[in-house]
Amino acid sequence: MKQKIVIQLSMSCDKSRSKALTLAAKAAGVTSMGITGDARDQLEVVGDGVDPVCLVCCLRKKLGHAQIVKVEEVKKPEEKKKDEPKPALAVPAYPPPYYFYPPSYYHHQYQAPHMLVCEEQPGNCRTM
């Protein structure tokens, strides 16, 4: 179940906001987070299976004051279903003609065997 958690924090500077975002990013199941609110003192976390109590405890240890403002389920926007006529499938009137290719032949050119020359009488040289 995807849920949206809004946490009120005591953030006075950009360093504490950065630390809060870092801690939220390390939590299991978080998909997105951001700083919201008029005074930029709220942390908005969206994720699947995020434990809000555990997240607030971690933020309290590192930043000080943290309080859960709102936890709500994020619903997927439903697609508008209109009665659109489905297009008819185009059926060809005749099947495409079959093409017959002549069989391919491999013409092997005849090569005469190699001629070997053998000497019947050995020469005078005995080292060969």
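None of these values were measured; they are calculated from a predicted model. (Residues numbered from 1 in each chain as written. Predicted model: local features only at pLDDT ≥ 70, side-chain atom pairs only at ≥ 80, totals over all residues. Heavy atoms only, no water.)

(A) A look at the overall build of the chain. Within the chain one finds two helices and four strands. Starting at the N terminus and walking to the C terminus, you meet the elements of the chain as β-α-β-β-α-β. Split into buried and exposed, the 128 residues of the chain put 20% on the buried side. Across the chain, contacts joining residues at least 24 apart in sequence account for 62% of those joining residues at least 6 apart. For the chain, the computed accessible surface area is about 12000 Å², with 56% contributed by carbon and sulfur atoms. (Helix = DSSP H or I, 4+ residues; strand = E, 2+ residues; numbered from the N terminus. Buried < 20%, exposed > 50% of the residue type's maximum accessible area, 1.4 Å probe, protein only. Contact = heavy atoms within 4.5 Å. Areas by Shrake-Rupley, 256 points an atom, 1.4 Å probe, with all protein chains shown as cover.)

(B) Region of the structure containing a positive patch on the surface. Together, Lys 15, Lys 19, Lys 26, Lys 61 and Lys 62 make up a positively charged patch on the protein surface. With three residues, the top contributor of residues to the positive patch is helix α1 (residues 14–26). Position of Lys 62 relative to the elements: it lies in helix α2 (residues 52–63). (Patch = residues over 30% accessible without salt bridge, like charges linked within 9 Å, V, L, I, M, F, W, Y side chains within 5 Å. Salt bridge = Lys/Arg side-chain N within 4 Å of Asp/Glu carboxyl O. Lys, Arg positive; Asp, Glu negative; His and termini not counted. Charge placed at Lys NZ, Arg CZ, Asp CG, Glu CD.)

(C) Region of the structure containing the side chain of Ser 16. Within the element layout of this structure, Ser 16 appears in helix α1. Not counting residues within four places of it along the chain, the set of residues in contact with Ser 16 comprises Met 11 and Leu 63.

(D) Molecular detail of the pattern of salt bridges. In the structure shown here, the tally under the stated rule is three salt bridges. Where Glu 44 meets Lys 4, a salt bridge forms, and the shortest distance between an N and an O atom there is 3.9 Å. In this pair, Glu 44 sits in strand β3 (residues 42–48) while Lys 4 sits in strand β1 (residues 2–9), placing the two residues 40 residues apart along the sequence. Looking at Glu 44, the relative accessible area reads 23%, which means it is partly exposed. Put simply, Glu 72 and Lys 4 hold a salt bridge, and the shortest N to O gap is 3.8 Å. Here the residue Glu 72 occupies a position in strand β4 (residues 66–73), and Lys 4 occupies one in strand β1, the gap between them amounting to 68 residues. One continuous salt-bridge network, built from bridges that share partners, spans Lys 4, Glu 44 and Glu 72.

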